[in-house]
Each structure stands twice: as structure tokens, then as C-alpha cells.
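Structural characterization, general
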Amino acid sequence: MAARSRSELSWHRAVTAPPTLWLGDLLAEQALGLELLTGGPDAAKRPVLGAAVVEVKGPTEWVAKQWVMLTAGVGLADNPEGGRALVRECDTAGVSALGFGVEPVFDHVPEALLEEGAARGFPIFAVPKDTQFREVVSFVDTALSGDEAPLFRRLSSLQRYILDALGDPEPEAAVVERLARFLDASVAVLGPAGHPELAVGRVPTEAVWEFVKNRVPKIVEADVDGWRVVAMPLASLATEPPRWLLIASRSSGFAAALARSAAETTAPLLAAMERLREVVRNQEDAVKGSLLDESLDPTDARDLPALAARAARFGVDFSQTARVVVLRECAALGEPVDLSVLQHELEEALGPASIPHLLTERDGSVVALVQGADLPALLETLLATQPGVVAGIGRPVESVAAARYSHRDAELAARGASRQAGPRILAFEDFDLGTLLVSEAQPAWLGAKVEELIAPVRANASLYEALTSWFEHDLDIAAAAARLHLHPNSLRYRLARIEELIGRSLRLPSTIADLHIALLAERTGEAPDRLGGHLDDGRSRPLERLG
């Protein structure tokens, strides 16, 4: 064979030897106490080329053809169809048999599995509670290994050593460290984009990644720049494409067979930890979102001490002031916004930086209560990747009881940022005097005053449109008329009709100030639209101009 260049990858295929172990041999081992439940007399004639414990989704990705799969049914719960699907998948993939551990999860082998196994003639055997899975795996490995029995005894020791790492506060890092120490090799976990997430020792990550990134995720062995490498994909619900486990060594005594078996043993464990972290994150996000929704409840029927205690569990203890942020889509910017993506990006900006926060999706916006952060700088970075989004920042607050006031400010600020052609981030400190007065006013009496002044005008669609357009264009008759496609004199006539309805002159500063504050109040949602609903951002139907 021609010599290969130093950087060239040479990938090796294992040669499958004739089987030396049959399922009947495994079932006959009295020390294991295995009981065949389905499969019939022909089951004993099935070859066994290996055994593996698998508790992840898509198990046949981790079990080769003619292997025995061992499971306690962790993912089955009370799902009969899931059990049937597991048997069908194993049978289709050519798995020799399914061994089901009794009592870790189920006190007997589920009936659905047995029914499907019997219907297909597929072997299913029970593993009694006193027999550990590693004893079955060890028997198979020893029977197959012949002179390599010491090597596989090392693998059994490795399994116990790795499992002990699950009690570590950082179990994934502990598993990688123990794997590297046991094999006397370098070990790394690559993220779905090829960047090292965990690493012990030096690993030629870039060269290996260039080869594996576009391949079907299967275990491979390679020679890379003088390194012996074993690469194993980590299937995960949280990432697509998968993460990868790499084991590498320059030593001539590197036990490639042990490394391969170690990777096959460790990869499902690492994948399960990633999946578990994802489940925990989703549950935590849901709890935090519910907590924030309760905190922003406009009623007084809230258990404030309990809310404060629950918020403190997530680090929001108000040892520093906190603010509410509202992120919303701005139709005028013309860029569609996916709120779930926006919420994820805000979480990614806050979580890794260990900034205490609560986050939820509320009324078509992403809302967060954030403690002790430079919000303008953080939001500038976030909005750079979200051109269709504007942000409002509420007042600083020192208790969960005051969070709803900061939320009201943030809503008002976000609406203001949507209307103006200036900055896309507006904060409480940026409010003009009228907006500040509205933000501080009690909704109960402010709403009544707003209705008294605006209701007669709102009852006439053309007059209400004339008034709002006039204020939107800073009392400029010509600009407002052009916006409404009217002659300026027609707009003047409508404004005169408004004066008659409200009984006040639009030339008086007090009238202008009152109307300005009333329209601002409507934007906060305090003044209901008598024709239904609340008013929006002034860019759609005439009667829904300023909600």
C-alpha cells in the first residue's frame, strides 16, 4: 500500500470473525439466571457478537447487528406502544436478543414487549434483579475475547470507574477526566460545530472534525498526524448534528480495542447526561416563566413573600436593583420575528453570564426581569442580530412587589420605540414628562379621565383618525393631512368638530397637554376601545391606532 501523507486520515474497518458465542450459551450460564420469555427453540441458535446496555432514544444506533441489547426500560414509562416499537426496531436492525432488567424500573417485563416479541419470534429474556447488567456484558466479552480477556476485564473496571463519576458536581467533566486517566490518553468532547466543549490533554480536534463533520455519525478509528484516534458520535435531542467524543494517543502501546469499547460504553452515558440537562433546563425555564407571570399579575391577590422566596432560588434576590425588559416586534421595521428564537437568544445572553433573571413570553412579547446587568449594552448586542425587534426598559425596582410597575414602564417604552424613527431601545429614563406622568398614574382614575376626554372623539372614526394623525405629526396640519390623503382645510374642519365635541379649544396649551397625556394613556392599555379590544401601535386600522 502506498505511503500516506502525514496529515492524511487512514480509516480502519474491523474484520468480523465467525461467531464463537450463541444466545443459547448465554442463556445456559446458570450464574446469570437469565430466563427466555419469547423467541422459541430457534432463539438459542442466534449468534451473539457483543452485548451493550442502552437506555437512550434510537437504541439501535448504539447496538451492532447480532449484538444483545440490555435495558431496564427507563424511557418506556407507561407507554405500551413504545415497548412494541422498541421490539420492532431491534428486530429490524438484526439485534440478536433483548434482555430486560426486572425491578430497576418495572417489576416485570411489560406485556406489550412480550406480545410483540412473541408475534415476531424475537427473543426477549428477563434479567433478574440480582444480576447486574455488567455481569452479562462481562460474560459475553470474556467468551468472545479469548486471549484478550484481561483487556475486557479492564473495560469492566472502566465501567465501574466511570459510573462513580456520576456523583460529581460536574459529572460530564468528571467522566471525561476519568476516561483520559484510565486510558492514559487525551480525551475531548466536541460541540455540534466542532469546538471543544471539554478536553483533557491535547487532541487534534481540527483535523478530526474536518473528516467527521459531514459523515454519517458512526464510530470511526483513524491515524491523524501521528495520533491514533477513536471518534464516537454523541446522539442527543438537544443538538443536530451531534456532539462527538474523541479519544487520542501518540503512544505505540495505545490499546485501540479498549479505547473503542470504552467509547462505545461512555458515549451513551454522555448523551444521556446532555439529554437530562436539556430536560432540566426546559423545566427550569417553565418554572421561571410561570414565576414571572405571577409576579407581573396586575391584581393584589399575590403571595408576595412566597414569590420573593421562589425568585431568590433563581438568584433574583434584589440584592441589586432589577428591571423589566420587554422585547417586541416592530412592524415598521419590516423584519419578521420568531419569539421563541428571540427568547432563546436572550436566555443565551443572560444565562452563560450568570446574570440573575426570570424570562417569559407574554402578550406577543418577550419579557424578562433582570438583576444587576448593563441592559443597554446587552440589548444593543442582541438587537444587532434581530433587526425587526425593539426593546423597552422599565424603572429599577428593589422588590418583587414593584416588578409590575417596571413592566408597565417597559411596555410603554417598547411601544414608544416602535413608533419613533430613532433608537430601537427606549428606557424609563428617556421618558418625556407626559409619558412619565402616565407611567406613574393610578390606572383606576387615569382610565376614567381618559375616557371622559377621548370617548366622544373615538365614537367618530374619521375624527379620531384626524386627532391621532395630528399628534403623530407633531401638530403639523400639512403633514397630518398628507398622511390621511386629505386637503389641509378638511383636516382643519375635523379638528374644529373635535373642539365642539370636547368643548375645549385646541389652541389652549392645557387642551393639547391633556389630549397628549390621554393618548399616551391609551397606549398603556388603560383605556379600552368601546368598539372592542385595546388599541395598537398606530399603524393599522383607524380605530386601533395607539394601543
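In what follows, the structure referred to is the one given above.
About the thresholds
- Residues numbered from 1 in each chain as written.
- Predicted model: local features only at pLDDT ≥ 70, side-chain atom pairs only at ≥ 80, totals over all residues.
- Heavy atoms only, no water.
- Salt bridge = Lys/Arg side-chain N within 4 Å of Asp/Glu carboxyl O.
- Helix = DSSP H or I, 4+ residues; strand = E, 2+ residues; numbered from the N terminus.
- Buried < 20%, exposed > 50% of the residue type's maximum accessible area, 1.4 Å probe, protein only.
- Pairing = 2+ DSSP bridges.
- Axes fitted to C-alpha atoms, helices over the stretch in contact; angles between N-to-C directions.
- Contact = heavy atoms within 4.5 Å.
- Polar contact = N/O pair within 3.5 Å; in protein donor to acceptor, adjacent residues only side chain to side chain.
- Phe/Tyr/Trp six-rings, centres within 6.5 Å; stacked < 30°, edge-to-face > 60°.
- Lys NZ or Arg CZ within 6 Å of the ring centre and 35° of its normal.
- Core = buried A, V, L, I, M, F, W, Y, C linked by side-chain atoms within 4.5 Å.
- Expected span 1.5 Å × (residues − 1).
- Arc of directions from axis to C-beta.
- Lys, Arg positive; Asp, Glu negative; His and termini not counted.

What follows is about the pattern of salt bridges. Applying the stated criterion across every chain yields a total of 21 salt bridges. Note that arginine 395 is salt-bridged to aspartate 409, the shortest N-O span being 2.4 Å. Of this pair, arginine 395 sits in the loop between β15 (389-393) and α12 (403-419) while aspartate 409 sits in helix α12; the two residues are 14 residues apart in sequence, bridging distant segments of the chain. Neither arginine 395 nor aspartate 409 differs from the other in exposure class; each is buried. Residue arginine 458 pairs with glutamate 451 through a salt bridge whose shortest N-O separation is 2.9 Å. For arginine 458, a relative accessible area of 3% gives the class buried.

In this section: the sheet that holds β15. Read across the open sheet, the five strands follow the order β13-β14-β12-β15-β16; overall the sheet is mixed. Across the chains shown, the open sheet's two edge strands, defined by having one partner strand only, are β13 (357-362) and β16 (425-427). Taking the axes of each pair of neighbouring strands and ignoring which way they run, one obtains an average angle of 15° across the sheet. The strands touched by α12 are β12 (322-329), β13, β14 (365-371), β15 and β16; relative to β12, the strand with the most contacts, the crossing angle is about 35°.

On to the side chain of histidine 357. Counting through the fold element by element, histidine 357 comes out in strand β13. Looking at histidine 357, the relative accessible area reads 5%, which means it is buried. A polar contact of 3.1 Å, which involves the side chain of histidine 357, links it to the side chain of glutamate 347. Looking at histidine 357, its side chain comes within polar contact range of the main-chain oxygen of isoleucine 355, at 2.7 Å. With residues up to four places along the chain from it excluded, the contact list for histidine 357 reads Lys288, Phe314, Val316, Glu347, Leu350, Gly351, Leu369 and Val370.

For the coordinates displayed, the defined rule picks out two aromatic pairs. Judged by centre distance (5.6 Å) and plane angle (75°), the ring pair of tryptophan 470 and phenylalanine 471 falls under edge-to-face. Of the residues examined, tryptophan 470 reaches a relative accessible area of 7% and is grouped as buried. The ring of phenylalanine 314 carries the charged tip of arginine 313 above its face, separated from the ring centre by 5.8 Å.

Our focus in this paragraph is the nonpolar core. Counting residues in each nonpolar core, the largest one holds 50 residues, and the members touching the most others are Leu113, Leu179, Leu245 and Ile247. At nine residues, helix α8 (residues 256-295) tops the list of elements feeding residues into this core. Membership of the second largest hydrophobic core comes to 24 residues, among which are Leu463, Leu491, Ala518 and Leu519.

Let's shift gears to helix α10 (residues 339-350). In this model, α10 (12 residues) spans 16 Å end to end at C-alpha, consistent with the 16 Å of a helix rising 1.5 Å per residue. Those residues of α10 lying buried are Leu339, Leu342, Leu346, Glu347 and Leu350. For α10, the arc enclosing every buried residue in end-on projection is 135°, short of the 170-degree limit, so these residues lie on one face. For α10, the secondary structure elements touched by its buried residues are α8, β12, β13, β14, α11 (375-383) and β15.

Within the secondary structure layout, glutamate 398 lies in the loop between β15 and α12. Separated by 78 residues in the primary sequence, glutamate 398 and glutamine 320 place their C-alpha atoms 7.3 Å from one another. In contact with glutamate 398, not counting residues within four places along its chain, are Phe318 and Thr321.

What follows concerns the sheet that holds strand β3 (residues 51-53). If you trace the five strands from one edge of the open sheet to the other, you get β2-β6-β5-β4-β3, paired in mixed fashion. Taken across any chain shown, the strands that pair with only one partner, and hence form the sheet edges, are β2 (35-38) and β3. Neighbouring strand axes in the sheet, compared pairwise and without regard to direction, differ in orientation by 25° on average. The sheet contact formed by strand β4 (residues 68-71) and strand β5 (residues 97-101) spans four bridges and is parallel. The residue bridging valine 68 from the neighbouring strand is alanine 97, located in β5. Contacting β2, β5 and β6 (124-127), helix α3 (residues 111-120) crosses the sheet at an angle of about 70° to β2.

Looking now at the side chain of lysine 288. Note that lysine 288 resides in helix α8. Buried charge lysine 288 goes without a salt bridge, the closest partner of opposite sign being glutamate 284 at 4.2 Å. Here histidine 357 takes part through its side chain, which lies 3.3 Å from a polar atom of the side chain of lysine 288. In contact with lysine 288, not counting residues within four places along its chain, are Phe314, Glu347, His357, Leu358 and Leu359.

Interpretation in functional terms is not warranted from these geometric data alone.
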